[in-house]
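Structure assessment
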Amino acid sequence: MKATFFTFLAILCIVTITTGDILFQENFDDAGWESRWVKAYPKKDEGLDGEWGWTAGKFYADKDNKGLQTTQDARFYTISAEFPKEFSNLDKTLVLQYTVKFEQNIDCGGGYVKLFPAALDQEKLNSESDYNIMFGPDICGSSTRKVHVIFSHDGKNHLIKKNIPAETDEFTHLYRLVVSPDNTYKVYVDGNLKESGSLEQDWDILPPKQIQDPDAKKPSDWVDEKEIADPEDTKPEGWDDIPKEIADPDATKPSDWDDDLDGEWEAPVIPNPEYKGEWKPKMIPNPDFKGEWIHPLIDNPNFKPNPTLYAYPSFKYIGIDVWQVKSGTIFDSIIISDNESDADVWFKEWETLKVGEKAAYDTQKEEEAKKLEAERKATESQSKAEDDEGETEDVEEDGKEEEEEDTRDEL
């Protein structure tokens, strides 16, 4: 986000009360962003790599508050930036925050970012590149509208087991992920805590603590049927004598029916209203029911606690690697820190900007509505003028015909 005098003062205050480090920040406030970011073209052969734009969008609080925008429909977008220095989050909090704006009223596309280790080759970045963390919204129709939080461990990407809804409107939204040294996490959207918990519990990164006892078997005499057929219930007499279908009593033989030609006439059949179906005895509670058998659990011998599950030895790059059906997404205001207070400064400025953005949006919509109304009225006026002109021509034509008729009468 763009620095203001008040923002500068707030940053000074934070520096005096915290020992946090800002590990990376990018607000795209100058054209030099292109020298800081490396574009990759993994779909060059197919011609499916999209081009990035630098803009504040269609509506904004500040025209100079620009970000990276996807500009072409049905394209892949791949770009990354290097951190000032490589770092590890061992024994430190990791805070990742950025804004994303789906001003195109997105139908299907990603709005997430990825954090990469030093092994990444920026020019060869693609969807298969190994990353540490993937975070942010992903939208596709009505079925996929979630915030991804994915941790990579031992070559496998682990998705969070909880569902975190993503924002899908046209405004700028702020996403924050906090990963702490006690193996916990928090996810905020627009400053609101959306989810939190334990890395151990909310991801299947580690084997389960307990497993079913492989030596335990359900006893052969275990009764788990809640109900049984009533042994004293008997089928009513004549139950099986009631046919499923009967001849339609209201049907009559057609008057033109010829038995010799058409054969003997038979009335069509209809469902028998007296038929009750196959008889089954009523069910009663099973006196021998012991309840559902639960497989006993034992401690998993393969489970080993990992107190540094949260930590990665190397963070070196941040990247955007998304597919979008409808382009127009704007990424901005990226900050990575080891202290939430650093991100709070940018959050406060976003809170101010969102008010102006909403006002600009409303003004734009009002102007569009006025324009449409003016066009509608112009079309109506044009149509009326054409109708009036047509009526005038009809009157003139009728006058000419009358004159010609009078002239013939005089002759």
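Before reading further, recall that the structure is shown in the block above.
Residues numbered from 1 in each chain as written. Predicted model: local features only at pLDDT ≥ 70, side-chain atom pairs only at ≥ 80, totals over all residues. Heavy atoms only, no water.

**A word on the overall build of the chain**
Rule in force here: Counting from the N terminus, the helices are DSSP H or I runs at least four residues long and the strands are E runs at least two residues long. Burial classification: accessible surface area is computed with a 1.4 Å probe over protein chains only, and a residue below 20% of its type maximum counts as buried, one above 50% as exposed, and the rest as partly exposed. Working rule for contacts: check all heavy atoms of both residues, and any pair within 4.5 Å makes them a contact. The protein chains shown are the only cover counted for residues, whose accessible areas, like all others here, come from Shrake-Rupley with a 1.4 Å probe.
Along the backbone of the chain there are 5 helices and 22 strands. When the 411 residues of the chain are sorted by exposure, 37% land in the buried category. Considering only residue pairs separated by 6 or more positions, the chain has 74% of its internal contacts joining residues 24 or more positions apart. For the chain, the exposed surface amounts to about 24,800 Å²; the carbon and sulfur share of it is 49%.

**What to know about the nonpolar core**
For clarity, the threshold we go by: We define a nonpolar core as any set of buried Ala, Val, Leu, Ile, Met, Phe, Trp, Tyr and Cys residues linked to one another through side-chain atoms lying within 4.5 Å.
Residues Trp37, Tyr98, Phe135, Val149, Phe151, Ile318 and Ile336 are the most contacted members of the largest nonpolar core, which totals 60 residues. In this view, tryptophan 37 contacts Phe24, Glu26, Phe28, Ile79, Ser80, Ala81, Ile318 and Ile334; residues no more than four positions away in its chain are not counted. In terms of nonpolar packing, the next biggest core, distinct from the first, is built from 7 residues, Val95, Ile335, Ala343 and Val345 among them.

**Things to note about the side chain of asparagine 183**
The cut-off we apply is this: Any pair of N or O atoms that falls within 3.5 Å is considered a polar contact. Within protein, one atom must be able to donate a hydrogen and the other to accept it, and sequence-neighbouring residues count only if both atoms are side-chain atoms.
Mapped onto the fold, asparagine 183 is located in the loop between strand S12 (172-179) and strand S13 (184-189). Within the structure, asparagine 183 has its side chain in polar contact with the backbone oxygen of proline 307 (distance 3.4 Å).

**Things to note about the pairing of strand S8 (residues 113-116)**
Convention followed: For two strands to be treated as a pair, DSSP must find at least two bridges joining them.
Because side chains alternate across S8, one face comprises the buried residues Val113 and Leu115, and the other comprises Lys114 and Phe116, equally buried. Where S8 and strand S9 (residues 133-140) come together, 3 bridges link them in antiparallel fashion. By the bridge assignment for S9, lysine 114 is matched with methionine 134. Examined bridge by bridge, S8 and strand S21 (residues 315-324) share 3 bridges and lie antiparallel to one another. Bridged to phenylalanine 116 within S21 is tyrosine 317.

**Overview of the pattern of salt bridges**
Basically, it comes down to this: Salt bridge, as used here, is a side-chain nitrogen of Lys or Arg placed within 4 Å of a carboxyl oxygen of Asp or Glu.
Here the structure, examined in full by the defined rule, presents 24 salt bridges. Where glutamate 82 meets lysine 316, a salt bridge forms, and the shortest distance between an N and an O atom there is 3.1 Å. Separated by 234 residues along the polypeptide, glutamate 82 in strand S5 (residues 75-87) and lysine 316 in strand S21 bring together distant segments of the chain. The closest approach of N and O atoms between glutamate 340 and arginine 176, which form a salt bridge, is 3.0 Å. With glutamate 340 in helix H5 (residues 340-410) and arginine 176 in strand S12, this pair connects stretches of sequence that are 164 residues apart. Take arginine 176: its relative accessible area is 6%, and that puts it in the buried class. One network of salt bridges, in which partners are shared, links Arg176, Lys186, Glu340 and Asp344.

**A few points about the pairing of S9**
Counted residue by residue, S9 has 7 buried out of 8 residues, so it is predominantly covered. With 3 bridges joining them, strand S7 (residues 108-110) and S9 adopt antiparallel strand pairing. The partner of glycine 110 across the bridge, within S9, is aspartate 138.

**Some points on the packing of aromatic side chains**
Test applied: Ring pairs shown here join Phe, Tyr and Trp side chains whose ring centres sit within 6.5 Å, with only the six-membered ring taken for Trp; geometry is labelled stacked below 30 degrees between planes, edge-to-face above 60, and tilted in between.
Taken as a whole and assessed by the stated rule, the structure comprises 20 aromatic pairs. Centroid distance phenylalanine 116 to tyrosine 131: 6.5 Å. Interplanar angle 85°. Geometry classified as edge-to-face. Of this pair, phenylalanine 116 sits in strand S8 while tyrosine 131 sits in the loop between S8 and S9, placing them 15 residues apart in sequence. Take phenylalanine 116: its relative accessible area is 0%, and that puts it in the buried class.

**A look at unusual backbone geometry**
Here the phi dihedral of phenylalanine 28 falls at roughly 55°; this positive angle occurs in a residue that is not glycine. Of note, phenylalanine 28 is situated in the loop between strand S1 (22-26) and helix H2 (33-36). Judged by relative accessible area, which is 0%, phenylalanine 28 ranks as buried. A positive phi angle is found at alanine 74, which is not glycine, with a value near 55°. Relative to the assigned elements, alanine 74 resides in the loop between strand S4 (67-70) and S5. Its relative accessible area of 29% is what places alanine 74 among the partly exposed residues.

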